[in-house]
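Listed below are the residues making up each chain.
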Amino acid sequence: MDHKEGHYKVRDLGLADEGRKRIEWAESRMPVLMELREEFADEKPFEGYKISGCLHVTKETAVLVETLQACGAEVAWSGCNPLSTQDDIAAALANGGTEIYAWHGLDTEDFYWCIERTIDTPPHLTLDDGADLIFTVHSDHPEMADHIIGGSEETTTGVHRLRAMDNDGELQYPVYAVNDAETKWDFDNVYGTGQSTIDGILRATSTMIAGKNFVIAGYGHCGRGVATRAKGMGANTIVTEVKPAKALKATLDGHQVMSMDEAAEKGDIFVTATGMKDVIRGRHFLKMKEGAIVANTGHYDVELNLEELAELSTDAREVRENNREYTMENGKRVYVLGDGRLVNLAAAEGHPSEVMDMSFANQFRAHLDLVQRHESDAMLEDKVYDIPQDMDDEIAEVKLRTMGIQIDALSEEQEHYATDYSAGT
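Computed from a predicted model, the values in this text were never measured in an experiment.

### Focus on the UniProt feature "binding site: substrate" (unreviewed entry) in the protein chain
When the UniProt feature table is mapped to this numbering, "binding site: substrate" (unreviewed entry) covers T58, D129, E154, K184 and D188. On the basis of relative accessible area, E154 is assigned to the buried category, the value being 3%. Setting aside chain neighbours within four positions, we find E154 in contact with L55, D128, D129, V178, N179, K184, D188, M356, S359, F360 and Q363. Taking the relative accessible area as the measure of exposure, K184 reaches 3% and is therefore buried. Residue contacts for K184: discarding those within four places in its chain leaves E154, T155, V178, N179, N189, S359 and N362.

### What about the packing of helix 6 (residues 132–140) against helix 7 (residues 156–167)?
Where helix 6 meets helix 7, the axes come as close as 10 Å, and the angle between the chain directions of the two elements is 30°. Classified by the interaxial angle, the pair formed by helix 6 and helix 7 is roughly parallel. Taken together, the residues of helix 7 that come into contact with helix 6 (itself represented by D132, I134, F135 and H138) are R161, L162 and M165. The residue makeup of the contact of helix 6 with helix 7, split by class, is 4 nonpolar, 1 polar and 2 charged.

### Remarks on the UniProt feature "domain: S-adenosyl-L-homocysteine hydrolase NAD binding" (unreviewed entry) in the protein chain
Within this numbering scheme, the UniProt entry marks residues 189–350 as carrying the feature "domain: S-adenosyl-L-homocysteine hydrolase NAD binding" (unreviewed entry). Along residues 189–350 one finds 38% helix and 25% strand; the C-alpha atoms at either end are 11 Å apart.

### Re the pairing of strand 4 (residues 74–78)
Both faces of the sheet carry side chains from a regular strand, because those side chains alternate between them. For strand 4, the buried fraction is high: 4 of the 5 residues fall into the buried class. With helix 3 (residues 59–70) bridging strand 3 (residues 50–54) and the parallel strand 4, this β-α-β connection has right-handed handedness. Relative to strand 5 (residues 99–101), strand 4 runs parallel, the two sharing 3 bridges. Looking at strand 5, one finds that A76 is bridged to E99.

### Focus on the domain arrangement of the protein chain
On domain assignment, one finds that the protein chain holds domain 1 (1–179 + 351–401) and domain 2 (190–345). Between the C-alpha centres of domain 1 and domain 2 there is a distance of 30 Å. Taken together, the contacts link 17 residues of domain 1 with 13 residues of domain 2. Roughly 1,200 Å² of surface becomes buried between domain 1 and domain 2 when both sides are summed, with 59% attributable to carbon and sulfur atoms.

### Overview of the side chain of H299
Mapped onto the secondary structure, H299 falls in the loop between strand 13 (292–296) and helix 13 (306–311). In this structure the side chain of H299 is engaged in a polar contact, spanning 3.2 Å, whose partner is the backbone oxygen of D129. If near-sequence neighbours (up to four positions away) are discounted, H299 is found in contact with H56, C80, N81, D129, G130, T155, T157 and L342.

### Focus on the sheet that holds strand 2 (residues 8–10)
A sheet is described by the order of its strands in space; here 9 strands give the open sequence 1-2-5-4-3-6-7-8-17, paired in mixed fashion. One side of each edge strand has no neighbouring strand; the edge strands of this open sheet are strand 1 (2–4) and strand 17 (384–386). Within this sheet the neighbouring strands show an average axis-to-axis angle of 20°, counted without direction. Where strand 3 meets strand 4, 5 bridges bridge the pair, whose relative direction is parallel. Bridge pairing in strand 4 links G53 to W77. Packing against the sheet, helix 3 makes contact with strand 3, strand 4 and strand 6 (125–128), and its axis sits at approximately 160° to strand 4.

### What to know about a nonpolar patch on the surface
A cluster of nonpolar side chains, M403, I405 and I407, forms an exposed patch at the surface whose accessible area comes to about 310 Å². On the secondary structure map, M403 appears in the loop between helix 16 (389–402) and helix 17 (412–418). With relative accessibility at 52%, the residue M403 sits in the exposed group.

Rules used throughout
- Residues numbered from 1 in each chain as written.
- Predicted model: local features only at pLDDT ≥ 70, side-chain atom pairs only at ≥ 80, totals over all residues.
- Heavy atoms only, no water.
- UniProt positions renumbered as here; feature names shortened; annotations may be inferred.
- Buried < 20%, exposed > 50% of the residue type's maximum accessible area, 1.4 Å probe, protein only.
- Contact = heavy atoms within 4.5 Å.
- Axes fitted to C-alpha atoms, helices over the stretch in contact; angles between N-to-C directions.
- Helix = DSSP H or I, 4+ residues; strand = E, 2+ residues; numbered from the N terminus.
- Parallel < 35°, antiparallel > 145°, perpendicular 65-115°, else oblique.
- Nonpolar A, V, L, I, M, F, W, Y, C, P; charged D, E, K, R; others polar.
- Right-handed = clockwise from strand over helix to strand, strands pointing away.
- Pairing = 2+ DSSP bridges.
- Domains from an automatic or database assignment.
- Buried area = accessible area lost by both parts, 1.4 Å probe.
- Polar contact = N/O pair within 3.5 Å; in protein donor to acceptor, adjacent residues only side chain to side chain.
- Patch = residues over 30% accessible without salt bridge, like charges linked within 9 Å, V, L, I, M, F, W, Y side chains within 5 Å.
- Areas by Shrake-Rupley, 256 points an atom, 1.4 Å probe, with all protein chains shown as cover.
- Salt bridge = Lys/Arg side-chain N within 4 Å of Asp/Glu carboxyl O.

Laid out in C-alpha cells, this is it:
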C-alpha cells in the first residue's frame, strides 16, 4: 500500500501510467464535461473552495475531479463502495497531486477512515454517491455543517436517504439531487446500468445470456435498463416488484411478472436493483436451480442476504475473480458475483464514459450554482433540491451538439399556441 500522510493512500503508485491512459480515453468520450473545463478554466470559479468527494473511483470520476481542479477547486476524494475503486485510476490521481484515499477491497473500518481523511480540513462543498459522506458529517461532525455551503448526491439510494433527513428536519445544508435530473436518471440509470451490469455478469461468469431465465428484482430506472438489455440479448426476462404500477409497466413492456418466491424456482440469472434490503433471502436461495447466478446492481450489498446463504451452505469458495460458489446443504450450488456489491463496478468498469458525461456535467453545474449563490448571498435553505430544468436542458443540448445532432425549435406562433388556452377545435 502506498501512503503519504495528508495526501493519499492508494494500492500501488506504480499503476499510475496505466491509469492515466484510461483517464485520457475517458476524456475523449466526455465532450460535455471537457467543454465545461475549457469554458471555466481561465475564470477558475472554484478558487478558494474545497470540495470533498465520496464517489466511485473510475476513469470517468477522474475526469470530473480534474475538471473541478482545473477550474480552481481544492479536492479531497474517497471511494463510495469497497469494491468499486479502480486502483490504477486512484494511483494516477494521487500521482497527479490529488488528495485521495481509496483502494479496491477495503473493509468497512478502512472505508470510513478514508471518508474521514477527506474532511480532516473541513470542506466548503460535498459531492456524494450514496450519502455516506454527508451522513458522516451530520452524525460525527455536526459542527462542520456550518462551514459547508452545500452538496450534491449522485444516486437514487443516496437521494432517498437525504429526502428522509430533509423530511425529518435533520439536513444541515442544501443538497442538489443530481440523480433526479432527467439527463442523469433517464440515461445513466437506464442505459448505463443496463449495459454495465450485463458487462459485469459476463466478466465474472462468461456465461451465455440468450435462452436463460433472467430475473430482475425492481423495475425502476435501473431495473428497466437491465431488463431491456437482457431481453435484447435473448434472455427470457422475469421481473419482480412491490409497486403495482411498475409491475404493470414491466408486463406491458413484454416481461413476465411474478413474486420472487415464484421466480426463485425459475431463474438462471438474478439481478437485484431495488435499493431495499433482503430482496433475496435464504428461502429464495434454497429454491434456486443448480448453478444459479446471483448479482446485485444496487448501491448497497444488503439486497442479498448473504448471511442466511452462508448459514445454509456447507462450503464457499471463489471459482473465478468476483465469482463465489456456495454449496448449500441440499447439494445445490449458487454463484454470487462481486460478494453482493454492485456488480457493474465490482466486476466491471462501471457505466460507459459517454453516459457519465451528462451525469458529471450535472455535478459540475450543481457545485458551480452553489458557489455562485454563496458569493451573491442568495443561498438555498437546508433542503434537497432538484436540478433546475434550464440546467438540465442545457446539458442535453450540448450533448446533442457534440454528437452532431440537430433538432427542431418551436416557431413564435407555435409557442403562442402552446399557452393559448382559448384555442380549441
